[in-house]
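Survey of secondary and tertiary structure
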Amino acid sequence: MRTKLYIDGQWRDAANGKQADVVDPATEEVVHQFASASPEDVDLAVKAARRAFDQDGWSRTTGKQRAQYLRRIAKIIGERQQELAALETLDNGKPLPEAMWDVGDSAGCFEYYAKLAEELDNDEHAIAVSDDRFACRIRREPLGVVGAITPWNYPLLMASWKVAPALAAGCTVVLKPAELTSLTALELAAIAEQAELPAGVLNVLTGSGSVAGDALVKHKQVDKVAFTGSGPIGSQIMREAATDMKRVTLELGGKSPMVVFEDADIEATVEWMMFGIFWNQGQVCSATSRVLIHESVYDKVLERLVDEAGKIKIGNGKDEGTLLGPLVSKKQLDQVSAAVERARSEGATVVCGGRRAPGFDKGYYYEPTVLADLKLDSDAWVEEIFGPVLCVRSFKTEAEAIEVANESRFGLAAAVMTQDQARAERVSNALRAGIVWVNCSQPGFTEAPWGGYKQSGIGRELGPWGLDNYLETKQVTSYVTPAPWGWYIK
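Worth saying up front: this structure is predicted, and the values here are computed from it rather than measured.

Secondary structure assignment for the chain yields 15 helices and 22 strands. Across its three principal axes, the chain shows a C-alpha extent of roughly 85 × 55 × 40 Å. Taking the intrachain contacts of the chain between residues at least 6 apart in sequence as the baseline, contacts between residues at least 24 apart amount to 72%. Summing over all exposed atoms, the chain offers an accessible surface of approximately 20500 Å²; the carbon and sulfur share of this is 51%. Of note, the chain has its 53 positive side-chain charges centred 5 Å away from the centre of its 68 negative side-chain charges.

If you want it as structure tokens, here you go:
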């Protein structure tokens, strides 16, 4: 496992000599340490990225050339999938099969943006303008130096969502992964080095958000900040970026609703409900953590949900058969526990779970939990808990369900469960969310846009929209008639 920062193609200790611990959330043991970057390290990394962009020619490479590097990175990730997944499980706690899926998606992300990079070579085009004495062409160019700040819930995948399109566009990157889960980000740097990516094009700085992340956002030579994380930090980044008019992409929190109608397939619905809240221990920004169930099937759905939730195997993510691993840290465990206790004190019924998982001497394990009888203004119904905690309510009419589902400051995702195609389309269109799933929850595709309405963020990642985040559009207009107009020279 790597211990040093990756700056300008070299592995370096932090300038201040500081290190941070890697704690296995399954055992609470310190299993590794890595360098904790200082503002001085951030300055070195940004200047290396600036030089690689402005002077060394990365921004002037063709899309075809950049695609070759991206495909090499994708290939190496694929070859190391088992090893990288094991690191994700050690770092984050998620079950190994989930980590394998994430790493596979990461390789696919680099492969996808390699294809889009090649398409940029044919992107420049002429447009017709109202005065035929002028010729106008439109081109898209790389934006510049990108500061990418990624979260701890999908460490390698979230890094890939930012690094792959940024490199495809011709940008250079300084990546600051979450301090809790930095192991695979350092391995991504090693993979880029093995792929012979030029020095300075990708730099990886481990360390705290309050020091390294803050210095990266404030650095005058950073052109764009791409951030995934909490709303309060996203708001702070927006304020800081506004000082220099930096471009920002923000993928923030959610409190995503699922609406279950009376004609829904109950068994399939329960399966998707569990997938929507217990996958990755509920530490998912798009988790469908608020479920509205039609009153005619409410009791039946809740009974099946509680029955199946009780069968979920809790354990170390590396153990075969584990479906729910530990939460990422003691802090996260304490926050989830406090949220459930607050809900209980406010009158919510704990239908199942609601405590640290018994039988574990060590580890940040929490039981799959279902809360009912919540008030619409209760914290548990309104705020993101980011753990395996599902909140349920009944509803009478379609209009009521839509109103309650939309009554949130978030708007990342939503789900509709019904066999009525017309209703599915009608309700999907009415929900104020950037992603709506019908008869499912949580599928994501590299080809499709990802992002939300309202306080769930700004911009879209993935697909061609993800590439657009890292491109500037330029108009080039030429005067094509033989002689000037003679306005000033007679």
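It is worth spelling out the layout of surface pockets at this point. Space inside the second largest pocket adds up to approximately 510 Å³. Around the second largest pocket, the lining comprises 24 residues; the ones closest to its centre are Asp-105, Leu-157, Gln-442, Pro-443 and Gly-444. Those elements that provide at least two residues to the lining of the second largest pocket are helix H4 (96–119), helix H5 (155–169) and helix H9 (266–278). Class assignment for the residues of the lining of the second largest pocket results in 15 nonpolar, 6 polar and 3 charged.

Position of Tyr-453 among the secondary structure elements: in strand E20 (residues 453–454). Take Tyr-453: its relative accessible area is 30%, and that puts it in the partly exposed class. Taking C-alpha positions, Tyr-453 is 32 Å from Ala-67, a pair spaced 386 residues apart along the chain. Ignoring any residue separated from it by four or fewer positions in sequence, one finds Tyr-453 in contact with Phe-410, Gly-411, Arg-432, Ala-433, Gly-434 and Arg-460.

Taking strand neighbours across the sheet as the criterion, the 3 strands line up as E5-E6-E22 in an open arrangement whose pairing is antiparallel. The open sheet is flanked by strand E5 (125–127) and strand E22 (471–479), the only strands paired with a single partner. For this sheet, the mean angle separating the axes of adjacent strands, direction not counted, is 30 degrees. With 9 bridges connecting them, strand E6 (residues 134–142) and E22 associate as antiparallel partners. Paired with Pro-142 across the two strands is Leu-471, which belongs to E22.

The next point concerns the nonpolar core. Ile-77, Phe-110, Tyr-113, Val-173, Leu-175, Leu-188 and Leu-202 are the most contacted members of the largest nonpolar core, which totals 101 residues. Apart from the residues lying within four places of it in its own chain, the contact partners of Val-173 are Val-146, Ala-148, Val-163, Ala-166, Leu-167, Val-201, Leu-202 and Asn-203. Formed by 29 residues, the second largest nonpolar core is a distinct cluster that contains Leu-327, Val-340, Cys-391 and Val-427.

Taking 1.5 Å per residue, 17 residues should reach 24 Å; helix H2 (residues 63–79) reaches 24 Å between its end C-alpha atoms and fits that length. Inspection of H2 places Gly-63, Arg-66, Ala-67, Tyr-69, Leu-70, Ile-73, Ala-74, Ile-76 and Ile-77 among the buried residues, and these make up the whole buried set. Looking at the buried residues of H2, the elements they touch are helix H3 (81–92), H4, H5 and helix H6 (183–194).

Further remarks concern the pairing of strand E15 (residues 369–372). Strand residues, when the strand is regular, have side chains that alternate between the two faces of the sheet. Side chains Thr-369 and Leu-371 project from E15 onto one buried face, and the interleaved Val-370 and Ala-372 project onto a second face that is buried too. Where strand E14 (residues 349–352) lies against E15, 3 bridges are found, and the strand directions are antiparallel. Bridge assignment links Thr-349 to a residue of E15, and that residue is Ala-372. Examined bridge by bridge, E15 and strand E16 (residues 389–395) share 3 bridges and lie parallel to one another.

A few words now on the side chain of Asn-153. Positionally, Asn-153 belongs in the loop between strand E7 (145–149) and H5. Discounting residues that sit within four places of it in the chain, Asn-153 has contacts with Asn-92, Lys-94, Met-158, Asn-280, Gln-283, Val-284, Cys-285 and Phe-386.

Moving on, we come to the packing of aromatic side chains. Throughout the structure, instances matching the rule amount to 12 aromatic pairs. For the ring pair Trp-161 and Trp-450, a centre distance of 5.7 Å and an interplane angle of 65 degrees mean the geometry is edge-to-face. Remark: Trp-450 occurs in the loop between strand E19 (435–438) and E20 and Trp-161 occurs in helix H5; sequence separation between them is 289 residues. In terms of burial, Trp-161 and Trp-450 fall into one category: buried. Judged by centre distance (4.7 Å) and plane angle (35 degrees), the ring pair of Phe-275 and Trp-279 falls under tilted. Site record: aromatic cluster; members linked through ring pairs are Trp-101, Trp-272, Phe-275 and Trp-279. The side chain of Arg-72 reaches across the aromatic face of Tyr-69, ending 5.0 Å from its centre.

Counted under the stated rule, the structure contains 43 salt bridges. For the salt bridge of Glu-398 with Arg-423, the shortest nitrogen-to-oxygen distance reads 3.6 Å. Placement of Glu-398 in helix H13 (residues 398–406) and of Arg-423 in helix H14 (residues 421–430) is noted, with a sequence separation of 25 residues between them. This pair shows no difference in class: Glu-398 is buried, exactly as Arg-423 is. Three or more residues are tied together by salt bridges with common partners; here these are Glu-124, Arg-137, Arg-139, Glu-141 and Lys-474.

On to the pairing of E19, then. The side-chain alternation of E19 yields one buried face, formed by Ile-435 and Trp-437, and one unburied face, formed by Val-436 and Val-438. Judged from the 4 bridges that link them, strand E18 (residues 413–417) and E19 form a sheet pairing that is parallel. What sits directly across from Ala-414, in E19, is Val-436. Since E18 and E19 lie parallel, the crossover through H14 that links them has a hand, and here it is right-handed.

Cut-offs used in this document
- Counting from 1, residues in each chain are numbered in the order their sequence is written.
- pLDDT decides what is reported in this predicted model: residues at 70 or higher carry local features, side-chain atom pairs at 80 or more are listed and counted, and totals for whole chains, interfaces and linings draw on all residues regardless.
- Side-chain measures here rest on the full set of heavy atoms in the structure, leaving out hydrogens and waters.
- In this text, helices come from DSSP runs of H or I with a minimum length of four residues, and strands from runs of E with a minimum of two, each type numbered from the N-terminal end.
- Note on contacts: a residue pair is in contact if any heavy atoms of the two residues lie within 4.5 Å.
- Surface accessibility follows the Shrake-Rupley procedure with a 1.4 Å probe radius. Residue values consider only the protein chains on display as shielding.
- Under the counting rule used here, the positive set is Lys and Arg, the negative set is Asp and Glu, and His together with the chain ends is not counted.
- Every charge is mapped onto a representative atom, which is NZ of Lys, CZ of Arg, CG of Asp or CD of Glu.
- A cavity here means a set of points on a 1 Å grid, drawn over the protein atoms and nothing else, where a 1.4 Å probe fits but cannot get out; a pocket is an open set with protein on both sides within 12 Å along at least five of seven lines, and a residue lines either one if it has an atom within 4 Å of a point.
- Grid points are joined across faces, edges and corners, and a volume is the space filled by probe spheres set on the points.
- When residue character is reported, Ala, Val, Leu, Ile, Met, Phe, Trp, Tyr, Cys and Pro are called nonpolar, Asp, Glu, Lys and Arg charged, and the others, Gly included, polar.
- Partly exposed describes any residue whose relative accessible area lies between the buried limit of under 20% and the exposed limit of over 50%, with all areas from a 1.4 Å probe on protein chains only and scaled to the type maximum.
- When DSSP finds two or more bridges between two strands, those strands count as paired.
- Convention adopted: a line fitted to C-alpha atoms gives each axis, helices being fitted over their contacting stretch, and angles between N-to-C directions are expressed from 0 to 180 degrees.
- Nonpolar cores were defined as sets of buried Ala, Val, Leu, Ile, Met, Phe, Trp, Tyr and Cys residues, with membership established by side-chain atoms within 4.5 Å.
- Each helix should span, by expectation, one fewer than its residue count multiplied by 1.5 Å.
- Stacked, edge-to-face and tilted labels apply to pairs of Phe, Tyr and Trp rings (six-membered ring for Trp) whose centres lie within 6.5 Å, assigned for plane angles under 30 degrees, over 60, and everything in between, in that order.
- Here, over-ring charges are defined by two tests on the NZ atom of lysine or the CZ atom of arginine: distance to the ring centre within 6 Å, and angle to the ring normal within 35 degrees.
- Basic side-chain nitrogens of Lys or Arg form a salt bridge, by our definition, when they fall within 4 Å of a carboxyl oxygen of Asp or Glu.
- Crossover handedness is defined by viewing with both strands directed away from the observer: a clockwise path from the first strand over the helix to the second marks the crossover as right-handed.

Read these as layout, nothing more, since geometry by itself doesn't imply function.
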